[in-house]
Structure formats: structure tokens, C-alpha cells
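Fold and contact review
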Amino acid sequence: MTNRSYKVRFRTTEVYKGKRGTTYTVRWSVNGQRHGETFKTSAAADSFRATLLVAANNGEPFDQNTGRPVSHAAPAAGTTWYDFALQYVDMKWPRISANNRISTAKALTKATLALLRTEPVQYEGVDVRKALREYAFNKNRRDEAPPEYRAILAWVRRNSLPMSAWEDSKHVDAVLQALDTMLDGTQAAASSAKRYRRILNVVLNYAVRQNVLQSNPMPKGKGENTAPRTSGAVDKRSLLNPHQVAALLTWIAARPRTGHRLTAFFATLYYAGLRPEDAVLPATGWGELRVHTAQPEVGSHWTDDGETHETRHLKGRASGDTRTVPVHPALVEMLRALVARDELKPGDLLFPGEKGGLLAGSVYRRAWAKAREAVLPEHEFKSPVGKRVYDLRHTCLTTWLNNGIPPAQVADWAGNSVPVLLSTYARCITGQTAELQRRIEGPQMLPRTLGSPAAVVPSPRTPRPPGRAR
């Protein structure tokens, strides 16, 4: 092994006397690479140093990365990060959603690139990332990697640092830096960085359970290397007013062939607050939508059945659980018109794509983007207002909250928990200040004092009466 050496040199044990006590640090080097181990007692330090001396005198090779004799190597020294990451993917694959598989592959790709002995300058960076993300960390496609990507992955395996690298803070910092930055070196979105850190924490906890690492080296608590703060609150500027929604849907309705269908699709998000991936309709009045599954679009390479969409249980709910959402009379009318026009039958898709099958996300996102550009004034088009299709859902839930629907009921309709709902939409609740002030004005008033027109609250600067003890 290239990381082993017989050139071991020992130094005098260092003694440090500090305010918190005395420590003893054993110093030695392996092929010029310095190492140290600190102990609280001189006896422990002497025992450790004697163990190393015996191994060196017996002609045993030392690991240059850990500084320990090969016979003392922990499991972490004998397993590379790349091989362990592959093992983790294979273990986790059947237990996680397709979207989670993609996020896991991205996080592991960033960490793997940061844990190489040297940079793969002989390959294009985009090819190395693709080989790792699309093939190595995708269990479905690993055996399908083209020859050029197999060569890259073979090089990565040879040059991957051992798991013991996690015991060195410089390697931990390098991984954290990789997770927090984009390919061009700019800061990554806080939500993405936090998601990748969360995934890596799970990976390293698995390494601890497998006795590959003694502890999880990811930083905890406050500090410069902790995860960046994120805010899940909705930006009020992204919400749409009824006039804007009406104008956008009118423009979309005029599109040939699929305009009427896309209009009903967007109206469902606006009136019922559904997610794009998530019915019982009366002739008139209010109706209900019974939502029982979600079909997010993730790509055929990441699903078990090779389909572009993955059918999963509702977000935040147990498998088989359902939720009922009220349908506004205006939406009832639109959906009934859609059913009649397209001659839909029970079991048919309400919003199919132009060629059948599920409506593709690229189709409705492109239609929405064109509608914003065509309808909104330039200053609104450049603003966050309605920039994402998801903002229709945000607008719906905010409207419900601002018109007095109890948060618990809104959370049930929306498929959120109450804490998540309030933390997400608290900044968007408006128009209730005057009524709320009226409610507390009387109950909060202090009792009137005798002969005084109003309650008097003593100032904190009022001097104490003469003669009162302090």
C-alpha cells in the first residue's frame, strides 16, 4: 500500500500546564508526516508511546494517514470513503423516495470530490460529476455506465481517501465547504446546503452504527461550520391578487388545444391549495377533492419502475392516508366544464398531458412563465410575484388564513402540520390588525383609579417617596 511506511521517528512527549489542568502529548512522524495524541495523564501517554515503539522495533509498517501501526488500524483505515458511500446507497435505496435518491446522490458526489487524494485533472469536471451522480450513486444504472465513465470511477476508487480521513478536521472542513458552494465557487442556496448536510449526517451516523467511525465528525451547535440558517417563510411579494390570477388564467385559456385544461389545473392550485403533484363534484355550490396519492416528477432513472413520475403517499402522511379539500363553487363549475368538454369518464386523468399520460412539469411551468411575461407589467414580471407555479398554493393558503379559517383547519386541508403552516405563512397574515386590536383594547386596560380619568402607570424614573427604605 502506498500510504504505508517504515520511516517512523519519535519525539519527546510534550507537557502542557494550563488553567484546566496538565496534558501530555505524544509526538511522532511517519515518513515525515507529523502526528500527535494528547492524554490527561503521563502514565497513559507513556503507555501509548511504548505501544508505538514496540510496533516500530518489530518492523511493523505505519499508516501515513493515521500514524498508527497497520495492526492497530481501525475499520475506518481499511475502507475508502467511496466504497463506503456505495455501500450506503445500496442499503438506503429501497427505503427512500426517488427525490431523496437524487438529493443523496448529489450530496455524496460533493463529498466524494472533496475526499480525493488529488484532483482528477485528466478528466473533465462535468464528466467526473456525472459519473458519480448519475451512475456510481444510482443503483439502477451503476452497471450501465459507459466505458469512459467506468474509467473515471475506477480512478476515483483508487484515489479515494480512507474513512479515517473523517478524523482529520481539515477533511471535514473541505467537505462542508463543498456542500455549501456551487460549482462556480459561489455560495449555494441555504436550503440546498442544509439538505446536503442533513443527508451526510445520516450517512456518518450509519458509519458509526457499522463501527467504521467512532463518532460523527459533523459539527454540532453554533459555530462557523454549522449549517447556514434557512427561512421557510413565504415571501409576501410572491403572492398574487385575484386580478393578477384572473388575467393570467384568461391568457392561458386562449392557448390552442390545451389552454382550457391548463387553466383548470392552475385554478385548482389557486382555489384548493393543492401541490402540483397531488373528486367529488356537485352540480353547483361547494364540492370536495379527495386526495389520496401524489405523483411527483423525478425522472425515469431514479424510480423503481422506470416511469418519469413516482406514485407515493401524501407528503407528511402515512401510507394509505387521504385528505379532503373543499372545492370553491367557481372551481366546481370549471372542473365540470372540463369533464364535459373532454368527455372524461371515471378513472380518467383530470389533467392529462397533450399526448395522454401525466401532465409534465415542464409543460405547465413553461405555460405559466409565458403567461407572466405576456400579462404582468414589467415591474411585476421582474418581481417575485407568482414567479413559481407553487405560489398559487401559497396564495390560496394565505387567503384562507387571512379570512379567519382556523389554522388547524387550514393545515388539515393543505396537508401540513400546524407548526409548519404557521412558520411558513405567519408573515403573510394581514388585514386583521384592527379587529385584533379591538379585541384586546378593553381586556388589557388597567382599572381606573379614584378621581382619575384614566389608569396611571408609574414611570420607572419616578422617585421613591421620602422615607421609604430602598
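Per chain, the residues get numbers from 1 upward, laid out in the order the sequence is written. Owing to the predicted nature of the model, reporting of local features is limited to residues with pLDDT of at least 70; listing and counting of side-chain atom pairs is limited to 80 or more, with chain, interface and lining totals taken over all residues. The side-chain values count all of the structure's non-hydrogen atoms but skip hydrogen atoms and water molecules.

**Here's the deal with the pattern of salt bridges**
Throughout this description, the term salt bridge denotes a Lys or Arg side-chain nitrogen within 4 Å of a carboxyl oxygen of Asp or Glu. Taken as a whole and assessed by the stated rule, the structure comprises 10 salt bridges. We note a salt bridge from Glu-134 to Arg-133, for which the minimum N-O separation is 3.0 Å. Residue Arg-261 pairs with Asp-342 through a salt bridge whose shortest N-O separation is 3.2 Å. Residues joined in a network through salt bridges with shared partners are Arg-133, Glu-134 and Arg-141.

**Considering the packing of helix H9 (residues 242–253) against helix H10 (residues 259–272)**
Fitted lines through C-alpha atoms give the axes, limited to the stretch in contact for helices. The angle between two N-to-C directions lies from 0 to 180 degrees. Under the scheme used here, helices are H or I runs from DSSP no shorter than 4 residues and strands are E runs no shorter than 2 residues, and both carry numbers assigned from the N terminus. One can describe the packing of H9 onto H10 by two numbers: an axis separation of 8 Å at closest approach and a directional angle of 155°. What the angle tells us is that H9 and H10 run roughly antiparallel. Side by side, H9 and H10 meet where Pro-242, Val-245, Leu-249, Ile-252 and Ala-253 of the first sit next to Gly-259, His-260, Leu-262, Thr-263, Phe-266, Ala-267 and Tyr-270 of the second. Residue type decides the class: Asp, Glu, Lys and Arg count as charged, Ala, Val, Leu, Ile, Met, Phe, Trp, Tyr, Cys and Pro as nonpolar, and the leftover types, Gly among them, as polar. Partitioned by chemical class, the residues of the contact of H9 with H10 number nine nonpolar, three polar and no charged. Between 65 and 115 degrees an angle is taken as roughly perpendicular, under 35 as roughly parallel, over 145 as roughly antiparallel, and anywhere else as oblique. Note on contacts: a residue pair qualifies if any of its non-hydrogen atoms lie within 4.5 Å across the two residues.

**Examining the environment of Tyr-364**
With respect to the element layout, Tyr-364 can be found in helix H12 (residues 361–375). Residues Tyr-364 and Val-389, spaced 25 residues apart in sequence, show a C-alpha to C-alpha distance of 8.2 Å. When residues no more than four places from it in sequence are discounted, the contact partners of Tyr-364 are Leu-262, Phe-265, Phe-266, Pro-276, Leu-359 and Val-389.

**Let's talk about the packing of aromatic side chains**
Pairing of aromatic rings covers Phe, Tyr and Trp, the last counted by its six-membered ring, and requires centre-to-centre distances within 6.5 Å; plane angles under 30 degrees mean stacked, over 60 mean edge-to-face, and any other angle means tilted. Summed over the entire model, instances satisfying the criterion amount to 14 aromatic pairs. Above the ring of Tyr-364, the side-chain terminus of Arg-365 is found at 5.8 Å from the ring centroid. Throughout this description, the term charge over a ring refers to an Arg CZ or Lys NZ atom that lies within 6 Å of the ring centre and within 35 degrees of the ring normal.

**Remarks on the environment of Ala-145**
Relative to the helices and strands, Ala-145 is located in the loop between helix H5 (125–136) and helix H6 (147–159). What Ala-145 contacts, discounting residues up to four positions off in sequence, is Tyr-135 and Arg-150.

**A closer look at helix H8 (residues 190–209)**
Along its 20 residues, H8 runs 29 Å from first to last C-alpha, staying within 8% of the 28 Å computed at 1.5 Å per residue. Within H8, the full set of buried residues consists of Ser-192, Ala-193, Tyr-196, Arg-197, Ile-199, Leu-200, Val-203, Leu-204, Tyr-206 and Ala-207. Immediately downstream of H8, the backbone of Asn-211 shows phi near 60°, a positive value. One fewer than the residue count of a helix, multiplied by 1.5 Å, yields its expected span. Classification of residues uses two cut-offs on accessible area relative to the type maximum, computed with a 1.4 Å probe and protein chains only: under 20% is buried, over 50% is exposed, and between them is partly exposed.

**Some thoughts on the nonpolar core**
By nonpolar core is meant a set of buried Ala, Val, Leu, Ile, Met, Phe, Trp, Tyr and Cys residues that side-chain atoms within 4.5 Å join together. If you look at the biggest cluster of nonpolar residues, it comprises 48 residues, and the most contacted ones within it are Trp-81, Phe-137, Trp-166 and Leu-200. Elements that contribute at least two residues to this core include exactly helix H3 (81–92), helix H4 (98–114), H5, H6, helix H7 (169–180) and H8. Here this core takes eight residues from H3, the largest share from any one element. Aside from chain neighbours lying at most four places away, what touches Trp-166 is Trp-81, Leu-115, Val-172, Val-175, Leu-200, Leu-204, Leu-213 and Pro-217. Judged by nonpolar contacts, the second largest core, of 45 residues, contains Phe-266, Val-325, Val-385 and Leu-392.

**Regarding the pairing of strand E8 (residues 323–327)**
Counting buried residues along E8, four of its five residues qualify, which places the element largely inside the surrounding structure. A pair of strands is considered paired only if DSSP assigns at least 2 bridges between the two. In terms of strand pairing, strand E7 (residues 287–291) meets E8 through five bridges, oriented antiparallel. Following the sheet pairing, Gly-287 is matched in E8 by Val-327.

**Digging into the side chain of His-35**
Relative to the helices and strands, His-35 is located in strand E5 (residues 33–39). Residue His-35 is classed as buried on the basis of its relative accessible area, which comes to 11%. Whenever two N or O atoms come within 3.5 Å, that pair is a polar contact, provided that in protein one can donate a hydrogen and the other can accept it, and provided that, for residues adjacent in sequence, both atoms are side-chain atoms. Only 3.0 Å separates the side chain of His-35 from the backbone oxygen of Gln-64, close enough to count as a polar contact. Ignoring anything within four residues of it in the chain, the contact list for His-35 reads Val-26, Arg-27, Trp-28, Val-30, Gln-64, Asn-65, Thr-66 and Gly-67.

**Topic: the confidence of the model for the protein**
Looking at the protein as a whole, its pLDDT mean stands at 83, while 83% of the residues score no less than 70. Between the elements of the protein, mean pLDDT differs from a low of 66, seen in helix H2 (residues 75–78), to a high of 95, seen in H6. Note: pLDDT gives the predictor's confidence per residue, expressed from 0 to 100. Scored below 50 in pLDDT, residues 466–470 shows one contact in the model against residues more than four places distant or in partner chains.

**Description of H10**
Residue pairs three or four apart in sequence face the same way in an α-helix, which turns once every 3.6 residues. In this model H10 runs 20 Å from its N-terminal to its C-terminal C-alpha over 14 residues, within 8% of the 20 Å that 1.5 Å per residue would give. With 13 of its 14 residues buried, H10 lies for the most part within the structure.

**Overview of the packing of H9 against H12**
Their axes nearest at 9 Å, the elements H9 and H12 cross at an angle of 115°. With respect to the hand of their crossing, H9 and H12 are arranged in right-handed fashion. Contact with H9, carried on its side by Ala-247, Leu-248, Trp-251 and Ile-252, involves Ala-367, Trp-368, Lys-370, Ala-371, Arg-372, Ala-374 and Val-375 of H12 and no other residues of that element. Each residue belonging to the contact of H9 with H12 can be placed in one class, and the counts come to nine nonpolar, no polar and two charged. Helix crossings fall into two classes, left-handed where the near helix is turned counterclockwise from the far one by less than a right angle and right-handed where it is turned clockwise.

**Comments concerning the pairing of strand E4 (residues 21–30)**
As paired strands, strand E2 (residues 8–10) and E4 are joined by three bridges and run antiparallel to one another. Each residue of the ladder has a partner; that of Phe-10, found in E4, is Trp-28. Alignment of strand E3 (residues 14–18) against E4, held across five bridges, turns out to be antiparallel. Counterpart to Tyr-16 in the pairing with E4 is Thr-23. Between E3 and E4, which pair antiparallel in sequence order, lie two residues. In this structure, the hairpin formed by E4 and E5 is closed by a connection of two residues, where Asn-31 is found at a positive phi of approximately 55°.

**Here's the deal with the side chain of Thr-424**
Inspection of the secondary structure assignment puts Thr-424 in helix H16 (residues 418–425). You can call Thr-424 buried: its relative accessible area is 13%. A polar side-chain atom of Thr-424 sits 2.7 Å from the main-chain carbonyl oxygen of Val-420.

**With respect to unusual backbone geometry**
Although it is not a glycine, Asn-31 sits at a positive phi angle of roughly 55°. Within the secondary structure, Asn-31 sits in the loop between E4 and E5.

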